[in-house]
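Listed below are the residues making up each chain.
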Protein chains: 2
Amino acid sequence: MRNWLLLACGLALIACAPTDTDTPAATATSSGAAANANPLPSWNDGPSRSAILDFVQRTTTPGSPDFIPVAERIATFDNDGCLWSEQPAYFQLAFAIDRSKMLAAHNPELAQNPVLEALASGDEQALAGITEHDLVELVAATHSGMTLEEFQDVVANWFAVARHPRFNVPYSQLIYQPMLELLDYLRANEFKTFIVSGGGVDFLRVFAEQAYGIPPEQVVGSMGDTEFEIRDGKPVLIKQPGINFVDDKEGKPVGIARFIGRRPVFAFGNSDGDLQMLQYTAGGDGARFMGYVHHDDAEREWAYDRGSHIGGLDKGLDEALERGWTVVSMKDEWAKIYPGEGLP
Amino acid sequence: MRNWLLLACGLALIACAPTDTDTPAATATSSGAAANANPLPSWNDGPSRSAILDFVQRTTTPGSPDFIPVAERIATFDNDGCLWSEQPAYFQLAFAIDRSKMLAAHNPELAQNPVLEALASGDEQALAGITEHDLVELVAATHSGMTLEEFQDVVANWFAVARHPRFNVPYSQLIYQPMLELLDYLRANEFKTFIVSGGGVDFLRVFAEQAYGIPPEQVVGSMGDTEFEIRDGKPVLIKQPGINFVDDKEGKPVGIARFIGRRPVFAFGNSDGDLQMLQYTAGGDGARFMGYVHHDDAEREWAYDRGSHIGGLDKGLDEALERGWTVVSMKDEWAKIYPGEGLP
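Quick caveat: nothing in here was measured; it's all calculated off a predicted structure.

Criteria and cut-off values
- Residues numbered from 1 in each chain as written.
- Chains lettered and ligands numbered in written order.
- Predicted model: local features only at pLDDT ≥ 70, side-chain atom pairs only at ≥ 80, totals over all residues.
- Heavy atoms only, no water.
- Least-squares fit on C-alpha atoms with pLDDT ≥ 70 in both.
- Contact = heavy atoms within 4.5 Å.
- Buried < 20%, exposed > 50% of the residue type's maximum accessible area, 1.4 Å probe, protein only.
- Helix = DSSP H or I, 4+ residues; strand = E, 2+ residues; numbered from the N terminus.
- Pairing = 2+ DSSP bridges.
- Buried area = accessible area lost by both parts, 1.4 Å probe.
- Salt bridge = Lys/Arg side-chain N within 4 Å of Asp/Glu carboxyl O.
- Polar contact = N/O pair within 3.5 Å; in protein donor to acceptor, adjacent residues only side chain to side chain.
- Nonpolar A, V, L, I, M, F, W, Y, C, P; charged D, E, K, R; others polar.
- Core = buried A, V, L, I, M, F, W, Y, C linked by side-chain atoms within 4.5 Å.
- Axes fitted to C-alpha atoms, helices over the stretch in contact; angles between N-to-C directions.
- Parallel < 35°, antiparallel > 145°, perpendicular 65-115°, else oblique.

Caption draft 1: How the structure looks around the relation of the copies chain A and chain B. Its rotation angle being 180°, the transformation that places chain A on chain B also includes 0.0 Å of axial translation and leaves an RMSD of 0.0 Å. On the angle and the small slide along the axis, the relation comes out as a two-fold axis. Across chain A, the rotation axis passes nearest the C-alpha of Phe259(A), at a separation of 3.2 Å. When the interface residues of chain A are mapped onto chain B, 100% of them again fall at the interface, so both copies present the same face.

Caption draft 2: Highlighting the pairing of strand β1 (residues 74-77) of chain B. All names here are of chain B. Of the two faces of β1, the one carrying Ile-74 and Thr-76 and the one carrying Ala-75 and Phe-77 are both buried. In terms of strand pairing, β1 meets strand β2 (residues 192-200) through four bridges, oriented parallel. In the strand pairing of β2, Thr-76 is matched with Phe-194. Where β1 and strand β5 (residues 266-269) come together, three bridges link them in parallel fashion. Across the sheet, Ala-75 pairs through a bridge with Phe-266, a residue of β5.

Caption draft 3: Structural context of the pairing of strand β3 (residues 219-231) of chain B. As defined by bridge partners, β2(B) adjoins β3(B) across three bridges and the pair is classed as parallel. Following the sheet pairing, Val196(B) is matched in β3(B) by Val220(B).

Caption draft 4: Seen up close, the interface of chain A and chain B. In this assembly, 38 residues from chain A lie in contact with 38 residues from chain B. Roughly 3,200 Å² is buried in total at the junction of chain A and chain B, and carbon and sulfur atoms are behind 50% of that figure. Per-residue buried area on chain A facing chain B is highest for Glu217(A), Phe228(A) and Arg258(A); these three make up 23% of the total on that side. Counting the contacts that link chain A with chain B gives eight salt bridges. Between Arg262(A) and Glu217(B) there is a salt bridge, with the nearest N and O atoms lying 3.4 Å from each other. Here chain A is connected to chain B by 20 residue pairs in polar contact (both at pLDDT 80 or more). Mapped by element, the contributors of at least two residues to the side of chain A that touches chain B are α9 (148-161), β2 (192-200), α11 (201-212), β3 (219-231), β4 (234-245), α12 (251-259) and α13 (275-282) of chain A. Per-element accounting of the side of chain A that touches chain B gives the leading share, six residues, to β3(A). Residues of the side of chain A that touches chain B, tallied by class, amount to 18 nonpolar, seven polar and 13 charged.

Caption draft 5: Expanded view of the nonpolar core. In terms of nonpolar packing, the biggest core is built from 190 residues, with Tyr212(A) and Tyr212(B) touching the most fellow members. Non-local contacts of Tyr212(A), meaning those with residues more than four positions away in its chain, are made with Asn79(A), Leu83(A), Trp84(A), Ile175(A), Leu180(A), Leu183(A), Arg187(A), Ile195(A) and Phe207(A).

Caption draft 6: Highlighting the packing of helix α4 (residues 91-105) of chain A against α9(A). Residues and elements named next belong to chain A. Viewed as axis vectors pointing N to C, α4 and α9 meet at an angle of 100°, and their least axial separation amounts to 11 Å. The angle between the axes of α4 and α9 places the two elements in the roughly perpendicular class. Within the contact between the two elements, α4 uses Phe-91, Ala-94, Phe-95, Asp-98 and Arg-99 and α9 uses Phe-151, Val-154, Val-155 and Trp-158.

Caption draft 7: Quick look at the environment of Ser222(B). Residue and element names in this part refer to chain B. For Ser-222, the position within the fold is in strand β3. Given a relative accessible area of 1%, Ser-222 falls into the buried group. What Ser-222 contacts, discounting residues up to four positions off in sequence, is Val-136, Ser-197, Gly-198, Gly-199, Gly-200, Val-201, Phe-245, Val-246 and Asp-247.

Caption draft 8: Main features of the pattern of salt bridges. The full count for this structure, using the stated rule, is 34 salt bridges over all chains. Between Asp297(A) and Arg300(A) there is a salt bridge, and its shortest N-O distance comes to 2.7 Å. Comparing Asp297(A) with Arg300(A), the two get one shared label, buried. Lys249(B) serves as the salt-bridge partner of Asp248(B), at 3.9 Å between the closest nitrogen and oxygen. Relative accessible area serves as the criterion here: at 21%, Asp248(B) is assigned to the partly exposed category. A network of salt bridges, in which partner residues are shared, links Lys192(A), Arg262(A), Glu209(B) and Glu217(B).

Caption draft 9: Up close: unusual backbone geometry. All names here are of chain A. A cis amide bond links Gln-87 to the next residue, Pro-88, at an omega of 0°. Its location among the elements puts Pro-88 in the loop between β1 (74-77) and α4. Unlike most non-glycine residues, Glu-190 shows phi in positive territory, near 65°. Inspection of the secondary structure assignment puts Glu-190 in the loop between α10 (177-188) and β2. One non-glycine residue, Lys-249, adopts positive backbone phi at about 55°.

Here is the structure:
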């Protein structure tokens, strides 16, 4: 996939349309006091809710043998399939496809690039093999030469206008209500919440604060190269076509060490790409919580695990069952999936 | 400098002595309320103190035209020469020298490496050309193969036993009292304080929290490569000999974009290595504060600026004077340099 990306670099951005700075749909998050008074209201009584409440209780009660000092209460979350949906394709891939179409419409040469063409056509065969890494590469390549702020305006604009094909709502509404409550509950108990995602960090940071209450400086993700430049007298950061870091699989503990500098005590994922993050979390001393969101609700969301090319959960599911990690059944344990009215 | 480092890689760590987990000397930092009731007590009345108080007042008063929302109150500080002293050599270089001696004492082959030999001898000629980048390379090379936690134990042990040659106190005591007060004052006004240093991040994170109240996840620095591995059944991160990122000069705005994801509104440095961070900060919209600590106190600390091979301030001084950035005279504006009793 690298060759066409190199080709695409030279063509990219010629047709960069003006954008506005609309931000994604706001999401109400409850206050700390409310989160503690009635924790996790969208979680049905069951093993996962109990395990979370028990862990937080044990680790935040002074004098408890499992007490964790506030400074060490680091909680890390995968994003795609863990905090929001990832079907029928990673949402950042939907962005990349829409963006490719727009760029191709203004640039006939680019329109003939076979991979962008396939992406723009939505061809299932072309989409099936695309990983989060490919995606970050694609976005890096087609957006090189822009300033960071210009790129984030493009992303914000996409969030404002794009609609999910199944639910016909902005992608930012397809975040999981139970996970929002979990983030709130942890923060109310002085855990610091981070995203550690294979997705592109510059993309994630556009919506993570408003969607999840997680500020840019607590978002770890894959990233392209960036260079500092004085452009038209203004100091700016310019996105480059190269990939600097892939925050997936073994990259997740590495990203955690680089960006956070502490081993988490609490980690949530949903795929084999999160396994090393959960292993690394489990490997520290003292009380630990490792959880997987298990996609087993084809009716309200999607059902997939072993062998899925998006969000595949195979080794991770074995290891979770073997080691007694928490595996959340969306079907049985989540009373509600999404926060918005009219959504499941 | 790369060749001998490559040679050294193979030899390193054979003689890694056992360490304890002592942490650097504690530093009292005042509470938020106290910081606001009597701000910056070790700063003499003068242009720098006034500029800081004025900036914070203007940007935190609701309704002020310069008001900055809490989420955007990002303040970044260089470390060497800005938060603590950096003479007669970067303190991390003192660590590297002490460490080289210890490694060489247990490893005759390593002892014959000419550069480690020169370092161990303290030869001025050998030391003069060493940059923060070289230093990070040296430390990465001589500590590759260790886990991150093992390395940080080594550093913590060094802080517990090493003494500064001029003041004969632990290096962690040579932090600037006025800057501690500034950090406190900013935090009391809901600024989030970050270190953005050319020094090695794994070294910095050992003492930054205790010394400055800045947690690991708010420390940006240079870094070596790291790899995830299951070692003896335990998931760990192993330090590698290669350099991943140099957080100096043009690297500082890049590091800020990667790790923080927001343009700072307040930045402090002391050398030309900080100029791009200050330019990047100045380049945003709205109220901004850019400051340089100016080392002009040979009696209580050190006096150096243009042409100094450590902490050289040349272009940065010109630009600061031209653009009206704050230049702090340590001699005239700081009533006290270090927090400890018996120190200036």
